[in-house]
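# Observations on chain architecture
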Amino acid sequence: MTFNSVAQIVVHIVVLAVIIRPLGAYMARVYSGQYPGMTRHLKSIERFIYHLGGVNPELEMTSTQYSWAVSRLSLVSLIAVYGIQRTQSWLPWNPQGLTNVESSLAFNTAVSFVTNTNWQSYSGEVTLSGFTQMFALTVQNFVSAAVGMAVLIAFIRGIHRTSTQFIGNFWVDLTRGTLYILLPASAITAFVLVGLGVVQSFPATIELHTLENTPHDGVPVGDPPEIDTPKSNAPSSPTAILPLGPVASQVAIKQLGTNGGGYFNTNSAHPLENPTPLSNFVQMISILLIPAALCHTFGEMVQDRRQGTALLTAMTVIFLPLVFGVAAAEQYGNPALSRLSVDQRASDSQSGGNMEGKETRFGITNSALWAVSTTAASNGSVNAMHDSFTPLGGLIPMWLIQLGEIVFGGVGSGLYGMIVYALIAVFVAGLMVGRTPEYLGKKIGSFEMRMAALVIILPCAAVLIGTAAAVMTEAGRSSVFNPGPHGFSEVLYAYSSAGNNNGSAFAGLCANTDFYNVTLGVAMLIGRFFVILPVLAVAGSLAQKTKIPSGAGTMPTHTTLFVSLLVAIVLLVGALSFFPVLALGPVVEHLELYVH
Amino acid sequence: MNTAKPAMTSMTSLRQAIIQAVIKLNPSTQIRNPVMFAVYVGSIFTTVLWIDSLISPAEESPGFILSVSLWLWSTVLFANFAEAIAEGHGKAQAASLRKNQTTVIARKLKHAGTREFTEVPSTQLVVSDLVLIRAGETIPADGEVIEGVASVDESAITGESAPVVRESGGDRSAVTGGTRIISDWLIIEVKALPGHSFIDRMIQMVEGAKRQKTPNEIALAILLSALTLIFLLVVATLLPFSQFGVHVSGAGRPISLTVLVALFVCLAPTTIGALLSAIGIAGMNRLSQANVIAMSGRAVEAAGDVDVLLLDKTGTITLGNRQATKFSPAPGVTEQELAEAAHLSSMADETAEGRSIAVLAKRQFGLRGRDLESIKPHFVPFSARTRMSGVTVDGHEIRKGAADAVAKHVQSQGGSYPEESRRAVQEISNAGGTPLVVSSDDRVLGVIELKDIVKGGIRERFAELRQMGIRTVMITGDNPLTAAAIAAEAGVDDFLAEATPEAKLEMIRDYQKGGRLVAMTGDGTNDAPALAQADVAVAMNSGTQAAKEAGNMVDLDSNPTKLIEIVNIGKQLLMTRGSLTTFSIANDVAKYFAILPAAFAATYPTLKVIDLMQLGSPSSAILSAVIFNAVIIVVLIPLALKGVRYRPVGAAQLLRNNLVIYGAGGLLVPFLGIKLIDLILNSTGLL
């Protein structure tokens, strides 16, 4: 690891740490209905939305009503996104004349965007019309993110309130999250990105004359000569089609809402989606921005900032070593190349290390930092191909996903997942101080444990059973192109990504088949809703309890000791659940590559 | 109870436990513990695999499969054994209790107010029957004394051989079936049906026959089941993964079913799963060793959570009675003169307070009992009307009593009440003492200070409790001034003065509204509402039936300080659960490092690198892990029974200590243990 590399990571963390505290406090105020600063002017819009939807913002919901509202909205969203894809050829704004999306792909894509996963089995620019992108996907980028945040806020209310059944109004939380947080933040970020060179245009494509196709001798420079085909002898068209579109606005919400679905197939590795190191920096910051800031929101809302800081610290403590781990693994390079006497050392003239699948304008450090950020947060956007990372460099992002997307995690979903882990940590360790366990003054009983168990088991089951089904069936196996353990890693990565709503992929797996579209879709549904529903149930159950005043006999949950314990439990559960599969994939691959 | 020896020591109970361990293999018993049931199924499965391997060629050698299978069976048996050992202690207690449960012939009175009776077997008595019992007979049922006074031998339930007095009315009217009347007779009204008596409940509790899982135990069992389910998933999916691995690498063979089952059992939280119920039973046992019978396991658990202790002043915080501590003479009177008069006036006073005055006079001035014959004293006993007592000797009327009573007495004889004495009385009251004024004829001699004596070491106990995060509240009938002074001296956090049953109940409700758990002790019928409201309510065995019914624990020693011990036992119970859970989960790391490289040795030999322990061979590695997993249960049985030691330090400190011991220890111990077992297996050629 070079000094330059360490410095970049440190700067990233410091900048992030500075922004998130005020943002966290702002969000806490938004969700409690206090409107600071300029946003006050949006209040009339908010009221108008409630008027339009017939919502009484004063009317709070029980956890069952809240769950029902979330489910209804998600179901309607699913049907809408599916329907738009299936009918896009008849809908406006389809200049490329794209056909209707085939049913299993449309299902997969609908689930993917409604669950905030943004797994993409398709290439956006050649499959989806502008209308579909705008009214199906972009809408969901906002809505699914706002849903995650709303559920978190309801959960926090459940923890903080006492002796009540009510945990807030879902429609209000949804509206406020979108109107006061996601929309303004996206607008600002989009403007900054446009300023840094990210494309934002309405015409979806432009035709341009390419250097490659300038007919000097009639043979395109970049293509391999195909002498025996008549095509190569014919004069090529002097123009190429360059897909454009409202990229900056989509990129802003894709990062801020931990969606990850890019405008272009290659996501933020695409030069028009992420042109410079500076735009890369802004995008990386915006990946972790809201998930990290929500920790402070939590601290504010439970009126004990130390609690939020403790969870944020736990996340950071897991995050940082893994960033350095990936950066080190990638910088070390590929021994197969070393054997061919390729110089992989870092020097002034080259970045060194394993640069396969990475953009030269980002280099190893920014690719590693992005990979860890995007998998820690359940974002899934990429600026380098994770499939081309060294085995260990690829293991870490995959493992971060398998931890359940709780290290920062998705907006809202990451923190509520982490709080569920905190409940488990409290349960195991709380007993060791000779009291029945409690978190923030709420007793953790068998109902909470049952729900927490679901939150941990179901995504884990989706990943393991999904992967098992894929490697057991011909339908699954036939999509695996890479031999050996790496092929296994690709399948495992796909189900890990879906089951935990990340959305990034190891490429190399042909995922656009009925089998993968359907099974990954189911995994995404499980990973989203079978976490949300138990979490809301816990919120309802905790809200009804009285708060036990803390004293000398209560286990503190803001200390270094507790943070270490929480980290240990998260890592232990993650390690114990996935050690065998990881051993059969990346670990074996690593050993075979490096030891032999 | 005291007579029952701990079960561990006796060989017969050990044999009993082994027999019980085998009997518990009954599937209907096993299914109650999901973690161990999974192991049980695994044992059966590997046995089938072994039989199959004898008939047709199998993935592993029959010897290996048999070894794994036997050790899995041992794991189940060890778990059963742990539970049986814990139950054994209760069984011994139950047996000694049951001896008193013989059916006796009871004299059932035909109706109230008569002595006519019919003889019926005690089993046919019903509630509100009246029964006559005479000296030497066994009381046929739980009841309330209606008539008579008798001394009763209650050693059958308390282990205390000194008889106690039972009489109608008041707080000593409850009798327990199975105890014996030593002298006199009683007429009792039956309060409990046969089979539902106090002794029956005690037997059920100590025997664990009606043992229900406590809330925290259920929650923990859910967590453990969840972990078991995760590992089941991990292991079950490992089979297709390894088949795929073989398919793509073209080498080796898929992981065998025997190894999969072995891996699963090692990963499942069997250590805590096996010991969980033993821990719970042992907690109850520790309680009954302290001579406390809990009427529900829930109460023991709640004891660990208690935030507030309500303690009666008298007998708990202070010694039972006030004692004289100081003589304050009036002007013109020497201290010796006052002491002599006080001593004289107290010679016939057989109350503890009176005796303490004599003791003080003797200690300070060497005064001894006078020759009563020579001075011919005339003693005046205390009366509620005069509120004084005293003696008339040599024509002098010596009186002692409450300040205003003596003042009136002196003034009525033309004497005056000196200002100094008035001030002394005020000072003593302010300091929480009780002043007694002594006079001789029309002259005030001075004031005796009677004080509540705070028990030695109680202040330290309360400081300890404060560190544990427990608030102590003193309950007293004294006026607020006196109460405040004693509260300050004893170091309690709060006090309730001039306490009435209603005020007590109100106070408990207030604390509970604030989310706190309250523990208290009580013995009188008027304590019953408060006892019923408190989360942990310890009734004194000497108390009334109503109090015993309302409480969720009964202290057979009737010692109010026991509450502190009960809290300790509750905390110990929870800590033991938490520590062994942590230990059990932490163990898994080492087991992975042992089993995984071994399991995939054929397909991916490179995985040998992660075999940190450098174990002998794949099969010895797997077997060592399985053996360790079984043996650790037996090793930890004593800890489960004794409980993790509780020290009254802050929660943070406690957590740190236990995390180091059971968390870090849990990571390290299996590495050493598995390596050691592997060395033994390989060096002795057992494999």
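What comes next is a walk through the structure. (Residues numbered from 1 in each chain as written. Chains lettered and ligands numbered in written order. Predicted model: local features only at pLDDT ≥ 70, side-chain atom pairs only at ≥ 80, totals over all residues. Heavy atoms only, no water.)

## Comments concerning the sheet that holds strand β10 (residues 308–312) of chain B
Backbone-to-backbone hydrogen bonds pair the strands of a sheet. The strands run either parallel or antiparallel. All names here are of chain B. The strand order across the open sheet formed by seven strands is β9-β21-β20-β19-β10-β17-β18, and the pairing between neighbours is mixed. The open sheet is flanked by β9 (292–294) and β18 (494–496), the only strands paired with a single partner. Direction aside, the axes of adjacent strands within the sheet are offset by 20° on average. The sheet contact formed by strand β17 (residues 471–475) and β18 spans three bridges and is parallel. Considered in β18, the bridge of Ile-475 is made with Leu-496. Along the sheet face, helix α10 (residues 297–305) touches β9, β20 (536–540) and β21 (553–555) and points at about 110° away from the line of β20. (Pairing = 2+ DSSP bridges. Helix = DSSP H or I, 4+ residues; strand = E, 2+ residues; numbered from the N terminus. Axes fitted to C-alpha atoms, helices over the stretch in contact; angles between N-to-C directions. Contact = heavy atoms within 4.5 Å.)

## A look at the pattern of salt bridges
All names here are of chain A. Evaluation of the coordinates by the stated rule reveals 36 salt bridges over all chains. A salt bridge links Arg-161 to Glu-60, with the shortest nitrogen-to-oxygen separation between them at 2.5 Å. Placement of Arg-161 in the loop between α6 (130–160) and α7 (170–195) and of Glu-60 in the loop between α2 (43–53) and α3 (63–86) is noted, with a sequence separation of 101 residues between them. You can call Arg-161 partly exposed: its relative accessible area is 23%. (Salt bridge = Lys/Arg side-chain N within 4 Å of Asp/Glu carboxyl O. Buried < 20%, exposed > 50% of the residue type's maximum accessible area, 1.4 Å probe, protein only.)

## Considering the environment of Val-609 of chain B
Residue and element names in this part refer to chain B. Relative to the helices and strands, Val-609 resides in the loop between α21 (562–599) and α22 (618–642). We classify Val-609 as partly exposed; its relative accessible area is 48%. In sequence terms Val-609 and Pro-597 are 12 residues apart; their C-alpha atoms lie 7.9 Å from each other.

## Here we look at the packing of aromatic side chains
Taken as a whole and judged by the stated rule, the model has 16 aromatic pairs over all chains. Taking 6.1 Å as the distance between ring centres and 40° as the angle between the ring planes, the aromatic pair formed by Phe-593 of chain B and Phe-671 of chain B counts as tilted. With Phe-593 of chain B in helix α21 and Phe-671 of chain B in helix α23 (residues 651–683), this pair connects stretches of sequence that are 78 residues apart. What links up through ring pairs into an aromatic cluster is the set Phe-579 of chain A together with Tyr-592, Phe-593 and Phe-671 of chain B. (Phe/Tyr/Trp six-rings, centres within 6.5 Å; stacked < 30°, edge-to-face > 60°.)

## Some details on the packing of helix α14 (residues 413–430) of chain A against helix α18 (residues 514–543) of chain A
All names here are of chain A. Contact geometry for α14 and α18: axes closest at 11 Å, N-to-C directions at 60°. Judged on the interaxial angle alone, α18 and α14 are oblique. Helix-helix and strand crossings are classified by hand; for α14 and α18 the assignment is left-handed. Contacts between α14 and α18 involve Ser-413, Tyr-416, Val-420 and Leu-423 on the former and, on the latter, Arg-528, Val-531, Ile-532, Val-535 and Val-538. (Parallel < 35°, antiparallel > 145°, perpendicular 65-115°, else oblique. Left-handed = near helix turned anticlockwise from the far one by under 90°.)

## Notes on the pairing of strand β15 (residues 434–440) of chain B
All names here are of chain B. Of all the seven residues making up β15, six are buried; the element is thus mostly covered by neighbouring parts of the structure. Examined bridge by bridge, strand β14 (residues 396–401) and β15 share four bridges and lie antiparallel to one another. Directly across from Ile-398, in β15, lies its bridge partner Ser-440. Judged from the seven bridges that link them, β15 and strand β16 (residues 443–454) form a sheet pairing that is antiparallel. Note that in β16 the partner of Val-437 across the bridge is Val-447. Hairpin geometry of β15 and β16 is characterised by an intervening segment of two residues between the two adjacent antiparallel strands and by a positive phi of about 50° at Asp-441.

## Some points on the interface of chain A and chain B
When the parts come together, some accessible area is lost, and that loss is often what is quoted as the size of the interface. On the side of chain B, 62 residues touch chain A, which itself brings 56 residues to the contact. Of the roughly 5,000 Å² buried between chain A and chain B, counting both surfaces, carbon and sulfur atoms make up 80%. In this structure, the connection of chain A to chain B is made through two salt bridges. Here Arg-435 of chain A and Asp-307 of chain B are joined by a salt bridge, their closest N and O atoms 3.2 Å apart. Remark: the boundary between chain A and chain B carries seven residue pairs in polar contact (both at pLDDT 80 or more). Among the elements of the structure, α14, α15 (446–472), α17 (484–499) and α19 (560–594) of chain A are those that each provide at least two residues to the side of chain A that touches chain B. If you tally residues by element for the side of chain A that touches chain B, the top one is α19 of chain A, at 15 residues. (Buried area = accessible area lost by both parts, 1.4 Å probe. Polar contact = N/O pair within 3.5 Å; in protein donor to acceptor, adjacent residues only side chain to side chain.)

## As for helix α1 (residues 11–23) of chain B
Residue and element names in this part refer to chain B. For α1, which comprises 13 residues, the first-to-last C-alpha distance of 19 Å matches the rise-based estimate of 18 Å (1.5 Å per residue) to within 8%. Along α1, the residues classified as buried are Ser-13, Ala-17 and Ala-21. Taken down its axis, α1 places every buried residue within 90° of arc, on the same side. Structural note: α1 exposes Met-11, Arg-15 and Ile-23 on the side pointing more than 90 degrees away from its buried face. In this structure, the buried side of α1 is in contact with α4 (62–98). (Expected span 1.5 Å × (residues − 1). Arc of directions from axis to C-beta.)

## Remarks on the side chain of Thr-109 of chain A
All names here are of chain A. Looking at the secondary structure, you find Thr-109 in helix α4 (residues 103–114). Relative accessible area serves as the criterion here: at 0%, Thr-109 is assigned to the buried category. With sequence-adjacent residues up to four places away left out, Thr-109 is seen in contact with Gln-85, Tyr-122 and Leu-137.

By themselves these figures say nothing about function.
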